[in-house]
Amino acid sequence: MRNLHRQRGWLGLIGLLLALVIVAILAQKVLKTYGLMPGAEPQTKTAGPRGPGGASQAPLDATEATPTPTAAMERARGLESAVQQQAKDLNKRMDDEVK
């Protein structure tokens, strides 16, 4: 009984380590799928046996640039500046109403 009680801590640590490894692998796959991590192209769905017989996918445009995370960061910065400007305008209107 005493030996089993002592082993319970090690089993818990091993279980937590295993769960952490599983979460890390899943997170890596998701990041690769979204294109935020290099290594794999985003997955595209292909028509399976239930798809239409004569239809095919549109050809990919090789000249089109793929979105990069920096473009998302620029959009976020633009949104941040817009929100800050709106907050300044709101504060100015509130100050004008008080006077």
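Only a predicted model underlies this, so the values are computations on that prediction, with no experimental measurement involved.

Chemist: Before we move on, could you go through the overall build of the chain and cite the residues and values that matter?
Modeler: The helix and strand tally for the chain stands at two helices and zero strands. For the chain, with 99 residues in total, the buried portion stands at 0%. For the chain, the computed accessible surface area is about 9,900 Å², with 63% contributed by carbon and sulfur atoms.

Chemist: Explain a nonpolar patch on the surface residue by residue, including any values.
Modeler: Taken together, the side chains of Leu17, Leu20, Val21 and Ile25 present a nonpolar region at the surface, about 370 Å² in accessible area. Mapped onto the elements of the fold, Leu20 is located in helix α1 (residues 2–34). Among the residues examined, Leu20 registers a relative accessible area of 55% and is labelled exposed.

Rules of the game
Residues numbered from 1 in each chain as written. Predicted model: local features only at pLDDT ≥ 70, side-chain atom pairs only at ≥ 80, totals over all residues. Heavy atoms only, no water. Helix = DSSP H or I, 4+ residues; strand = E, 2+ residues; numbered from the N terminus. Buried < 20%, exposed > 50% of the residue type's maximum accessible area, 1.4 Å probe, protein only. Areas by Shrake-Rupley, 256 points an atom, 1.4 Å probe, with all protein chains shown as cover. Patch = residues over 30% accessible without salt bridge, like charges linked within 9 Å, V, L, I, M, F, W, Y side chains within 5 Å. Salt bridge = Lys/Arg side-chain N within 4 Å of Asp/Glu carboxyl O.

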